[in-house]
Amino acid sequence: MYATSLGDDGAELRPLEVWHAGELLAHIDRGREFIGRHVGLPDVVPDLDGARAWLRSYADKRGADAGSVHGIWLDGRLVGGLLFRVWDTPSGVCEAGCWLEPAAAGRGLVTRGMRVLLDWAFEERGMHRVEWHVSSANEPSIGVARRLGMSREGVLRENYPHRGVRTSTEIWAVLAPEWRTARARAPHSGR
Ligand SMILES: CC(C)(COP(=O)(O)OP(=O)(O)OC[C@H]1O[C@@H](n2cnc3c(N)ncnc32)[C@H](O)[C@@H]1OP(=O)(O)O)[C@@H](O)C(=O)NCCC(=O)NCCS
């Protein structure tokens, strides 16, 4: 229910909710090492209670209109997710993020899903700016930001201690008029 098709390969975007905790844990376990290279999600989902607590925190955000999390299902299996970690309606600024298990990478699932969410953020919710915070070592995620038409605005040097190593965070963003111009030029751009 409430699924948005992402193409003709069976990929779907759906709300990711507390009752998906078991599915989320199984998915994270399939991708724990891959997903955890640059982001802390696997560390906050160590077990079923952790999965439930993390999903509940996003249910609370959704209730307060302060963020949301969405799952990507491929042939009925949860393989990744997209989120608005930060959502601030008064300022029109939000921050998006993503992850996939390794078997689902390289098929454009995140790019396709984020396009749906960016259309919604800009056109239905009237947001003005969507940010993407990414480790400067995370080439695949920087590739997603580029494909979404984002610009690299700067770098927070060594601001994020991740698993004992200080990493730098690049800030990428796309503004509503830039998104509209790009969509008008290439409304169904595959890549
Ligand atoms: C970041 C991450 C989600 C990127 O995954 P990804 O598969 O490269 O991203 P997409 O789903 O958008 O797929 C893009 C790839 O599919 C290809 N592709 C195939 N069909 C496509 C389509 N219809 N549209 C767009 N790209 C398509 C692209 O060419 C690209 O491959 P390439 O990089 O070899 O050129 C993944 O590396 C990941 O989960 N990493 C761990 C967690 C993480 O770091 N999250 C980001 C935190 S900022």
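Remember, predicted model here, so these are calculated numbers, not experimental data.

A.B. asks: Is there a simple way to explain the site of the ligand in this structure?
C.D. replies: In the neighbourhood of the ligand, 25 residues make up the surrounding shell, with Ala105, Gly108, Val110, Thr111 and Pro140 lying closest. Taken together, the elements giving at least two residues each to the shell around the ligand come down to helix 1 (21-35), strand 5 (93-100), helix 4 (109-124) and helix 5 (139-147). Across the shell around the ligand, the residue classes break down as twelve nonpolar, nine polar and four charged.

A.B. asks: What is the right way to read the pairing of strand 6 (residues 129-135) from this model?
C.D. replies: In summary, the side chains of a regular strand alternate between the two faces of the sheet. Side chains Val130, Trp132 and Val134 of strand 6 all project onto a buried face; the interleaved residues Arg129, Glu131, His133 and Ser135 project onto a face where none is buried. The pairing of strand 5 with strand 6 spans four bridges and is classified as parallel. Counterpart to Cys94 in the pairing with strand 6 is Val130. In this region the chain leaves strand 5, passes through helix 4 and returns to the parallel neighbour strand 6; the handedness of that crossover is right-handed.

A.B. asks: Which parts of the structure should I look at to understand helix 4?
C.D. replies: Given 3.6 residues per helical turn, the α-helix brings residues three or four places apart onto the same face. For helix 4, which comprises 16 residues, the first-to-last C-alpha distance of 22 Å matches the rise-based estimate of 22 Å (1.5 Å per residue) to within 8%. Those residues of helix 4 that sit buried are Leu109, Val110, Gly113, Met114, Leu117, Leu118, Ala121 and Phe122. Buried residues of helix 4, viewed axially, fall in a sector of 160°; they line one side. Gly126 sits one or two positions beyond helix 4 and adopts a positive phi of about 70°.

A.B. asks: Explain the pairing of strand 3 (residues 68-74) here, please?
C.D. replies: Counting buried residues in strand 3 gives five out of seven residues, a clear majority hidden from the surface. Judged from the seven bridges that link them, strand 3 and strand 4 (residues 77-88) form a sheet pairing that is antiparallel. Across the sheet, the residue bridging to Ile72 is Gly80, located in strand 4.

A.B. asks: I keep staring at the UniProt feature "domain: N-acetyltransferase" (unreviewed entry) in the protein chain and nothing clicks. Help me out?
C.D. replies: Under the UniProt annotation, "domain: N-acetyltransferase" (unreviewed entry) lies at residues 11-178. What you have in residues 11-178 is 38% helix and 37% strand, and the ends, taken at the C-alpha atoms, are 27 Å apart.

A.B. asks: So what exactly am I meant to see when it comes to the packing of helix 1 against helix 3 (residues 48-63) here?
C.D. replies: Where helix 1 meets helix 3, the axes come as close as 9 Å, and the angle between the chain directions of the two elements is 115°. Taken together, helix 1 and helix 3 sit at an angle that is classed as roughly perpendicular. Where helix 1 crosses over helix 3, the handedness of that crossing is right-handed. Here Ala21, Gly22, Leu24 and Leu25 of helix 1 lie close against helix 3, whose contacting residues are Leu48, Ala51, Arg52 and Leu55.

What counts and what doesn't
- Residues numbered from 1 in each chain as written.
- Predicted model: local features only at pLDDT ≥ 70, side-chain atom pairs only at ≥ 80, totals over all residues.
- Near = placed C-beta within 6 Å.
- Helix = DSSP H or I, 4+ residues; strand = E, 2+ residues; numbered from the N terminus.
- Nonpolar A, V, L, I, M, F, W, Y, C, P; charged D, E, K, R; others polar.
- Buried ≥ 20, exposed ≤ 12 C-beta atoms within 10 Å, placed from the backbone.
- Pairing = 2+ DSSP bridges.
- Right-handed = clockwise from strand over helix to strand, strands pointing away.
- Expected span 1.5 Å × (residues − 1).
- Arc of directions from axis to C-beta.
- UniProt positions renumbered as here; feature names shortened; annotations may be inferred.
- Axes fitted to C-alpha atoms, helices over the stretch in contact; angles between N-to-C directions.
- Parallel < 35°, antiparallel > 145°, perpendicular 65-115°, else oblique.
- Left-handed = near helix turned anticlockwise from the far one by under 90°.
- Contact = placed C-beta atoms within 7 Å.

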